[in-house]
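# Tertiary structure, described
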Number of protein chains: 2
Amino acid sequence: MDNKLFATRVQPAVPSRLAGLFPVMNYPDAIKFTAGAPAESLFPADAMAQAYADAMAAEGNHTFQYHTVQGPVELRERLAQRAMDKMQIDHVTADNVMLTAGGQQGIDLVAKALLNKGDGIVVEAPTYVGALSSFDTYEPTYYEVELEDDGLNTDQLEATLKQHPEIKLLYTVADFHNPGGVTMSLAERQKVVELANQYNLIILEDTPYRELRYTGQSLPSIKHFDTEGRVIFLSSFSKILMPTLRTGWLVADKAVIQQLYKLKEAADLEVPNITAQAINHYLADNSLDEHIARLNKEYKVRMQAMIDACRKYLPAGVSATKPEGGFFTWVTVNSAINTTDLLYNEATPNQHIAYVPSKNFYAYKDHTNGMRLNFTGLTPTEIDTGMKRLGTLLTQAEQII
Amino acid sequence: MDNKLFATRVQPAVPSRLAGLFPVMNYPDAIKFTAGAPAESLFPADAMAQAYADAMAAEGNHTFQYHTVQGPVELRERLAQRAMDKMQIDHVTADNVMLTAGGQQGIDLVAKALLNKGDGIVVEAPTYVGALSSFDTYEPTYYEVELEDDGLNTDQLEATLKQHPEIKLLYTVADFHNPGGVTMSLAERQKVVELANQYNLIILEDTPYRELRYTGQSLPSIKHFDTEGRVIFLSSFSKILMPTLRTGWLVADKAVIQQLYKLKEAADLEVPNITAQAINHYLADNSLDEHIARLNKEYKVRMQAMIDACRKYLPAGVSATKPEGGFFTWVTVNSAINTTDLLYNEATPNQHIAYVPSKNFYAYKDHTNGMRLNFTGLTPTEIDTGMKRLGTLLTQAEQII
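Criteria and thresholds
- Residues numbered from 1 in each chain as written.
- Chains lettered and ligands numbered in written order.
- Predicted model: local features only at pLDDT ≥ 70, side-chain atom pairs only at ≥ 80, totals over all residues.
- Heavy atoms only, no water.
- Helix = DSSP H or I, 4+ residues; strand = E, 2+ residues; numbered from the N terminus.
- Rg over C-alpha atoms; globule rule 2.2 N^0.38 Å.
- Buried < 20%, exposed > 50% of the residue type's maximum accessible area, 1.4 Å probe, protein only.
- Contact = heavy atoms within 4.5 Å.
- Salt bridge = Lys/Arg side-chain N within 4 Å of Asp/Glu carboxyl O.
- Patch = residues over 30% accessible without salt bridge, like charges linked within 9 Å, V, L, I, M, F, W, Y side chains within 5 Å.
- Areas by Shrake-Rupley, 256 points an atom, 1.4 Å probe, with all protein chains shown as cover.
- Lys, Arg positive; Asp, Glu negative; His and termini not counted.
- Charge placed at Lys NZ, Arg CZ, Asp CG, Glu CD.
- UniProt positions renumbered as here; feature names shortened; annotations may be inferred.
- Least-squares fit on C-alpha atoms with pLDDT ≥ 70 in both.
- Buried area = accessible area lost by both parts, 1.4 Å probe.
- Polar contact = N/O pair within 3.5 Å; in protein donor to acceptor, adjacent residues only side chain to side chain.
- Nonpolar A, V, L, I, M, F, W, Y, C, P; charged D, E, K, R; others polar.
- Pairing = 2+ DSSP bridges.

Let us now look at the overall build of chain A. Within chain A, the regular secondary structure consists of 12 helices and 14 strands. In summary, chain A has a C-alpha radius of gyration of 21 Å against a globular reference of 21 Å for 401 residues, a match within 12%. Expressed as a percentage of the 401 residues in chain A, the buried residues total 63%. Within chain A, counting contacts between residues at least 6 apart in sequence, those at least 24 apart form 75% of the total.

Should the charged atoms of two oppositely charged side chains come close, the side chains can pair. Residue and element names in this part refer to chain A. Scanning all chains against the criterion turns up 40 salt bridges over all chains. The partner of R389 in a salt bridge is D29, and the shortest N-O contact between them spans 3.7 Å. Here R389 is found in helix α12 (residues 380-400), whereas its partner D29 is found in the loop between α1 (3-7) and β1 (31-32), with 360 residues between them in sequence. Residue classification places D29 among the partly exposed residues on the basis of a relative accessible area of 38%. In this structure, the salt-bridge partner of K191 is E158, at a minimum N-O distance of 3.5 Å. Here K191, found in helix α7 (residues 186-199), pairs with E158, found in helix α6 (residues 154-163); they are 33 residues apart in sequence, far enough to count as distant. For K191, a relative accessible area of 25% gives the class partly exposed. Since its relative accessible area comes to 24%, E158 is described here as partly exposed. By sharing partners, the salt bridges in this structure join R82, K86, E211 and D289 into a single network.

You can see S133 of chain A is positioned in helix α5 (residues 129-137). Taking relative accessible area as the criterion, S133 of chain A reaches 10% and is therefore assigned buried. Beyond its immediate stretch of four places on either side in the chain, S133 of chain A contacts R17, L18 and Q104 of chain A together with A266 of chain B.

Bringing a negative patch on the surface into the picture now. All names here are of chain B. Judged by side-chain charge, E146, E148, D149, D150 and D155 come together as a negatively charged surface patch. Its place among the elements puts E146 in strand β4 (residues 141-148). Judged by its relative accessible area of 43%, E146 is partly exposed.

The next thing to look at is the UniProt feature "domain: Aminotransferase class I/classII large" (unreviewed entry) in chain A. As annotated in UniProt, the feature "domain: Aminotransferase class I/classII large" (unreviewed entry) corresponds to residues 29-390 of chain A in the numbering used here. Annotation note: span residues 29-390 of chain A, helix share 42%, strand share 16%, distance between end C-alpha atoms 14 Å.

So, about the relation of the copies chain A and chain B. When chain A is fitted to chain B, the best match, at an RMSD of 0.0 Å, comes from turning it 180° and sliding it 0.0 Å along the axis. The transformation relating the two chain copies, once decomposed into turn and shift, fits a two-fold axis. Of the interface residues in chain A, 100% have counterparts in chain B that sit at the interface too, so the contact is made through matching surfaces.

It is worth spelling out the interface of chain A and chain B at this point. Contacts between chain A and chain B engage 76 residues on the former and 76 residues on the latter. Summed over both sides, the interface of chain A with chain B buries roughly 6,500 Å², with 56% coming from carbon and sulfur. At the boundary of chain A with chain B, the tally comes to two salt bridges. In this structure, the salt-bridge partner of K112 of chain A is D108 of chain B, at a minimum N-O distance of 3.4 Å. For the interface between chain A and chain B, the tally reads 26 residue pairs in polar contact (both at pLDDT 80 or more). Counting residues per element, the side of chain A that touches chain B draws most heavily on helix α8 (residues 254-268) of chain A, which supplies nine residues. Its residues placed into classes, the side of chain A that touches chain B shows 38 nonpolar, 22 polar and 16 charged.

Before going further, it helps to examine the environment of I107 of chain B. Residue and element names in this part refer to chain B. Along the chain, I107 turns up in helix α4 (residues 102-114). Once the C-alpha coordinates of I107 and T381 are considered, the two residues, 274 residues apart in sequence, prove to be 36 Å apart. Those residues in contact with I107, other than ones at most four positions away along the chain, are Y128, A131, S134, F135, Y171, L204, D206 and L234.

With that settled, the discussion passes to the sheet that holds strand β7 (residues 202-206) of chain A. In a beta sheet, neighbouring strands pair by backbone hydrogen bonds and run either parallel or antiparallel. All names here are of chain A. A sheet is described by the order of its strands in space; here eight strands give the open sequence β2-β9-β8-β7-β6-β3-β4-β5, paired in mixed fashion. At either margin of the open sheet sits one strand with a lone partner, and together these are β2 (97-101) and β5 (151-152). Examined bridge by bridge, β7 and strand β8 (residues 231-236) share four bridges and lie parallel to one another. By the bridge assignment for β8, L204 is matched with I232.

This part covers the environment of A51 of chain B. Residues and elements named next belong to chain B. Tracing the chain through its elements places A51 in helix α2 (residues 45-59). Looking at A51, the relative accessible area reads 3%, which means it is buried. Through-space distance from the C-alpha of A51 to that of N286 is 9.6 Å; in sequence the pair is 235 residues apart. Residues contacting A51, with those up to four places away along its chain left out, are A278, H281 and Y282.

Printed below as a string of structure tokens:
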């Protein structure tokens, strides 16, 4: 193929933010803090296999036919109830719930509905790399707001909105931030909704980890404080059930969802009925809450191992966020250290450990002294061993600068 | 929710082309020629249920984990072989095959890669409504080229490209056109590739019905004649297996596919492994060719019933295309007759039949004297009865004008 010819017809290639995100390592004793995936040993595989079989048996051949862009109303009713029970969102019906192809499609359709080239979007710094990969497609202008221990810096957010009132969208991961590990405080949740009302902002509240809390008290969702239909609450089954279901769900005002359905029809026509019915059967015949409790029990041990190891092994001057749930902690090192270089030159070949370096999580890739560490994909022993190696590595690195 | 507020942040709503496409009828004896769905009585439901179970058994918990944007290489290898065997495309490897969420996502990602606001795209008149619904999202300028009995009018295409050399994309359904029912001739296939080379055009060849040929000889795909990597060949399992698999596949040059993977990652992250592995197991343990032969045997009888009924019942001055496969025939009536009005005022309430009126299939909705008739979703007796009613209706309508 004549690529030059084709290139004149295809839009300028945006470099993939996801390609090469995870370093390949060929050391048998390597310990990877890179995972973004749930621990598959905890999947309810037998129950889900049964749910698929039940779904096919219940509907027969019709299971496999075209259905609708909305998916089964029974599943959306269950999720509406869950939104009220677990997310503290009021007055949710099946018409307020939309099924998406993973949380990723929820992000993508909201971005598609809102963002034209150059439109303003606020993202946390750092933020979820997959969201950036979707936003990139619509060529927005990014405004970054610093992530702190109690969530995004709302003073910075306010100053940004005051200076750029044309900004349309705020994307935030309020619970157990990916990659930051922090959770937005109650006061900041209220504040972002106030700012949204004042500055005519839409908030996309992305909550894949929300129910994976291992210590402390659950906070109401941002959507809970929404009085003007400005918040789109997005959840997913990927982390609490299984990723291959590729099923996310969002809660929003009906008028918003009507718009998003049009975009979903154009993107992939409809919800796969077999998958949606399998989830529906799983939820009818199993307790999702009990399954999540099992996950949380195991993940809690791993999180504690990570918190202990951070305290034990990280040298002075290196800070780590202290998560209460989710998958990640975020480590900040001396600003003279480039964690990308460190990964490939030292961490991988010498210490046989890997992490995801910070620059991947910033809209403009200009923060190079952080790293994301996953703790749910490793045993406590692996965490201890790996963090000891990271401590050695960072102690050496701090001495060199 | 304050919709006016929200509206200032969301892009202007594009009316859905798909909403309300199929009229709702409450007559027990109603006959619907509206279907776009395959006959579900012919689905290999037991074999597919087994394939799902086998897929889960083979990989265990790992079945349900995150996998890759590409999906299983075994499935892509099978499809590469099929592209060479059945589509007469040369030198296809797994790297030239991309799995998509139904054919619809293939259309959408290609459009997303190519079309910015105002960019030129050629579509047939009429064309597939779902493709228009995706293209609409990117706000292109449409150029319509008339569909004839041997495919699109290549003289018109050439004149259009000469006048608008900035046009980027041609979308065509060359085999058993939806909604037109016609098939592009060999000469025209060669001609569109020549024009693409001359005018730096990309061709999206959408072929969901290609293997559903009931009479006559199969023609090489347009992609067969491609020497410059300009043709993207798109197929789907929806019509030859089952729609709920939501699995399409395209064949293109590797560099094109690399671009499309980036957009797929941004849109929905990856191929659902469980579905892809189920299809893979189905194809390993069953003969898809034999299944398609069964479909074609049954559909052939229905197509012949439709052709016979057109000859028998349609009044002089009304023309119907004569398909050799696929799902549809296209009927053209006197230009003074508006088939949308006729549907709602006469066909549905008085004759208890329904069809999809022509205006839905034109980019600018300005052709109102045609209708799409499906023949695969009805028995020969239903086709005969329904077409007799349509004949009565059209005879009356022609007398009034």
